[in-house]
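Chain by chain, the residues:
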Amino acid sequence: LFFFFTSLFSPCTLNTMRNFLAILCIFTTTLHSSTAFHARVSTNGATLRTPRVKSSNLRFGRSTSLSATETIGIVGGGTVGGGIVEILEGRKELFKVMTGKELVISRLAVRDLAKKRDFATPSGCVVSDDFNDVLNDDAVETVVEVMGGTTLAKDVVVSSLKAGKNVVTANKALIAAYLPEIEALVKEVNAKNSGRAVEFRYEAAVCGGIPIIASMQGDFVGDSISMITGIINGCTNYMLTAMDKNGLSYDESLQGASELGYAEADPTLDVGGFDARSKLKILMRLAFGVDVEEDEISCKGITDLTKEDFEYAAMLGGTIKLLGVAKKISDSSVAAFVSPAYVSNDDVLSSISGATNAVEIVSSNLQSTTYSGPGAGRYPTANSCVNDIIKVARGDVNPLPFNTMDEGVKFANDFKSKFYIRLRYRDQNGITKDCGQLCEEFGIGIYSILQNPIKNRNDAAFVITTDSVELSKIKKFIAAVEGTEWCRGDAFFMPILRDEDF
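Small disclaimer: the values here were computed from a predicted structure and weren't measured.

S.K.: Please explain the side chain of S128 as it appears in this structure.
M.R.: Turning to its location among the elements, S128 is positioned in strand β5 (residues 126-128). If sequence neighbours within four positions are ignored, S128 has contacts with L108, A109, V110, L113 and D133.

Given below as structure tokens:
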């Protein structure tokens, strides 16, 4: 009657009445068509029990908040896992306001139940030594993998995605080794899922606390990246800083890194450059849309560096950093390397000291953008994991976790740069002549020759810096010069950063 009388004075309200009656009809039909049993409905990243309706056309999107909780299972109760628990529990009320949900850690899988934890287990959380307890719990919506490794961790990630669970991980080795497989699985699972999309988040996998992944996923979509240069391993940057600033030897700096917890019991992945290479591979995919096998990326660690190299670097006006570098050398090719590199003192990366990480991105629109911060540690890494958890709980959607592939771009396993070459020798006539002839033979231009005063004629050293030349030519020169009778041991070489070619 209300709509009838008001329509007499305002004809437009007739449409309002029709809309109201239509909505009422739909609502009544839905109530009558519901059954007594329950079905799983996914909304806003959560799963709950709700009456099933017969209409197959009724769908709830991620933006519809029907649940007050986001249930989380954590696999790995070590340094990072403990940090995640502490942050989530310590800021629970804030996160509830931010997401509209209570974040509940319902399960925690650890290797050793008897081991004493340095964090309090959340109330109601079930702790076990079997990660399948997390995977098989239908109530767990988001699985956080911080156990490390590439075998069992892969089972956790793959099984979670197949079960329709979101995944948050800090495992760069796993992602680097199985990136195409993980990407294909995420697409496959979401193609079959008519409800919410599963999320794969991995901010903590590269540079710990620096939000470099999120930035490369969202801040350069209208830009074109041409070069990435990064100090992306905290252990080695701490060691090189100690060798440079404190005059320590390689062994002394490694001991210091071990005492502070920066170096593992077996530091090979760090000092050999392999950890940095895994991270560089991931960044290359995000920046250039190119997938490359890790073994194809030229990789040299810091084990052959000496105090002498830092003395010569100082003579040149700079220092030495372990860098991961990737550059688009043409419209269709990208080159990359991980290696110690000479960096001049006026370069922003020369000032990055200790265990700090830094990544510089050169792009068309932003020119040069540098991100720096803690690259590892309990809370920096846990902070990035928590940020991912919040995004999932909030309902943020990223259908392309690794950005898009660019089939037109290929990897070039050779690159041009200026190089620093250190040669040890037994003093005799003709050394300079031999070096000049070999450089000429392999097409290498000598830029300068440096030598400190000789203290021992049977074990001295000098340095050659070259003009820009291909790495492949440098390797041929090194092989030839090591075959001379005056050369002692292996020659050492490294790129010089900020060359016009690389």
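S.K.: Hey, could you run me through the environment of S368 in this one?
M.R.: Following the sequence through the fold, S368 ends up in strand β14 (residues 367-374). A relative accessible area of 42% places S368 in the partly exposed class. Residues S368 and M227, spaced 141 residues apart in sequence, show a C-alpha to C-alpha distance of 9.3 Å. When neighbours within four sequence positions are excluded, S368 is seen to be in contact with E360 and I361. At 2.5 Å, the side chain of S368 forms a polar contact with the side chain of E360.

S.K.: Any chance you could explain the state of the cysteines here in plain terms?
M.R.: Such a bond, covalent and formed between the sulfur atoms of two cysteines, is termed a disulfide. Counting across every chain of the model gives zero disulfides. A disulfide-free cysteine, C439 has its sulfur positioned 6.5 Å from the sulfur of C435, the nearest such atom.

S.K.: It is not clear to me how the environment of D304 should be interpreted in this structure. Could you clarify?
M.R.: Relative to the assigned elements, D304 resides in the loop between β10 (298-299) and α13 (307-316). Between the C-alpha atoms of D304 and A491, which are 187 residues apart in sequence, the distance is 9.3 Å. Apart from residues lying up to four places away in sequence, D304 is in contact with D309, R422 and F492.

S.K.: I tried to follow the pairing of strand β11 (residues 318-330) on my own but got confused; where do I start?
M.R.: Of all 13 residues making up β11, 10 are buried, and the element is well covered by its neighbours. As judged from the 12 bridges shared by β11 and strand β12 (residues 333-344), these two strands associate in the antiparallel manner. Paired with L323 across the two strands is S339, which belongs to β12. The hairpin formed by β11 and β12 contains two residues between the paired strands.

About the cut-offs
- Residues numbered from 1 in each chain as written.
- Predicted model: local features only at pLDDT ≥ 70, side-chain atom pairs only at ≥ 80, totals over all residues.
- Heavy atoms only, no water.
- Helix = DSSP H or I, 4+ residues; strand = E, 2+ residues; numbered from the N terminus.
- Contact = heavy atoms within 4.5 Å.
- Buried < 20%, exposed > 50% of the residue type's maximum accessible area, 1.4 Å probe, protein only.
- Polar contact = N/O pair within 3.5 Å; in protein donor to acceptor, adjacent residues only side chain to side chain.
- Disulfide = S-S within 2.5 Å.
- Pairing = 2+ DSSP bridges.

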